[in-house]
Amino acid sequence: MKLFTLFGIEIRLDFSVIFIFGLIVYSLGTGIFPSWHPGWPVATVWTMALTAGLLFFASLLAHEMSHSLVARRFGIRVPRITLFLFGGMAEIETEAETPGAEFAIAIAGPLMSLAIAAACMFYASSAIDDSLLQVIMEDPETGMAEIGPFVTVCLWLGSVNLMLAIFNMVPGFPLDGGRVARAAIWRITGDRLKATEMAANAGRMFGWLIMGLGFWELLALKSMGGLWLVLIGWFLSNAASTSYRMLILRDLLEGVSARDMMRSHFGSITAQMRVALLAQRR
Ligand SMILES: [Zn+2]
């Protein structure tokens, strides 16, 4: 579903976002916010849960936008950004041409998440005065309940963005950290294919690790949250393999024209020749 256009980039929404948006708002509205603020009226809880959910997707968009705008500075076209089940995805049309460009494009996203986290924490810390801080230090539960709605949302959004930045910096393809690692190996060895192979292998291993963790949580702890980790791990290892294959294919076909691939020697026969004879001769 097309949402709107921002800086000339089409912003699209996959329908799976509705599911994850609902899940976030639901867990905030029934779990996190009521436990932090037992005194909040129901309307406040749900208004803030909805606000937090929307701001979360806005910060995902800011993360992808930041990748896209840096890519564009390097002359790479970014026609659209799609938000889907596991976050956002900027459709960056071509590969970066130098390790430096690859590094800048990759690091831009986590830096944006980090900046959002810092801004949220800064706002929260300016809104919490010394006497309230004292109460929080002595008795976190009472102290947290004193914090206003917007500061509460800010604290949540800040910590989520911080986690997003950290998770994305895991050095496995196709995560941003994997791209950073690929750029570094590429710069050192001068071999982009080798760098991609290593980053993709790290990404696959990280995906399996997350899947293993998920299965362990599912079976040993009997927690359904494990299912989510299994899905994320599967998605990561799958994406690592796919993006590696895509790159190899692109590298193999680079500079190959239709002329190189076509057959250019043709034997000719007369129009009167019998097909049976031709078949015999072959
Ligand atoms: Zn990113």
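Residues numbered from 1 in each chain as written. Predicted model: local features only at pLDDT ≥ 70, side-chain atom pairs only at ≥ 80, totals over all residues. Heavy atoms only, no water.

Draft legend 1. Looking closely at the packing of aromatic side chains. If you walk through the whole model with that rule in mind, you get 6 aromatic pairs. On the basis of an interplanar angle of 55 degrees and a centroid distance of 6.0 Å, the ring pair of Phe 21 and Phe 57 is categorised as tilted. Of this pair, Phe 21 sits in helix 1 (residues 16-36) while Phe 57 sits in helix 2 (residues 42-73), and the two are 36 residues apart along the sequence. Phe 21 gets classed as partly exposed once you look at its relative accessible area, which sits at 21%. You can call Phe 57 buried: its relative accessible area is 9%. Note on Phe 167 and Phe 206: the rings are 5.9 Å apart at their centroids and 50 degrees apart in plane angle, and the pair reads as tilted. Separated by 39 residues along the polypeptide, Phe 167 in helix 6 (residues 149-168) and Phe 206 in helix 8 (residues 192-219) bring together distant segments of the chain. Here the aromatic cluster, defined as three or more aromatic residues joined through ring pairs, consists of Phe 21, Phe 56, Phe 57 and Trp 156. (Phe/Tyr/Trp six-rings, centres within 6.5 Å; stacked < 30°, edge-to-face > 60°. Helix = DSSP H or I, 4+ residues; strand = E, 2+ residues; numbered from the N terminus. Buried < 20%, exposed > 50% of the residue type's maximum accessible area, 1.4 Å probe, protein only.)

Draft legend 2. Broad picture of the coordination of the zinc ion. On the protein side, the zinc ion has His 63 (NE2), His 67 (NE2), Asp 176 (OD) and Asp 176 (OD) as donor atoms, found 2.0 to 2.7 Å from it. Here the donor residues for the zinc ion map to a single chain with the spacing H-x3-H-x108-D. Remark: Asp 176 occurs in helix 7 (residues 176-189) and His 67 occurs in helix 2; sequence separation between them is 109 residues. The same class applies to His 67 and to Asp 176, which are both buried. (Donors = N, O, S within 2.8 Å, 3.2 Å for Na, K, Ca; no water.)

Draft legend 3. Broad picture of the pairing of strand 1 (residues 2-6). Sheet topology note: the strand 1/strand 2 (residues 9-13) ladder contains 4 bridges and is antiparallel. Paired with Lys 2 across the two strands is Arg 12, which belongs to strand 2. Between the end of strand 1 and the start of strand 2, which pair antiparallel, lie 2 residues, with Phe 7 showing a positive phi angle near 50 degrees. (Pairing = 2+ DSSP bridges.)

Draft legend 4. Main features of the environment of Thr 98. In this structure, Thr 98 sits in the loop between strand 4 (87-90) and helix 3 (99-127). Spatially, the C-alpha atoms of Thr 98 and Thr 242 are 22 Å apart, while their sequence positions differ by 144 residues. Within the local environment of Thr 98, its side chain forms a polar contact with the backbone nitrogen of Ala 101, the two atoms lying 3.1 Å apart. (Polar contact = N/O pair within 3.5 Å; in protein donor to acceptor, adjacent residues only side chain to side chain.)

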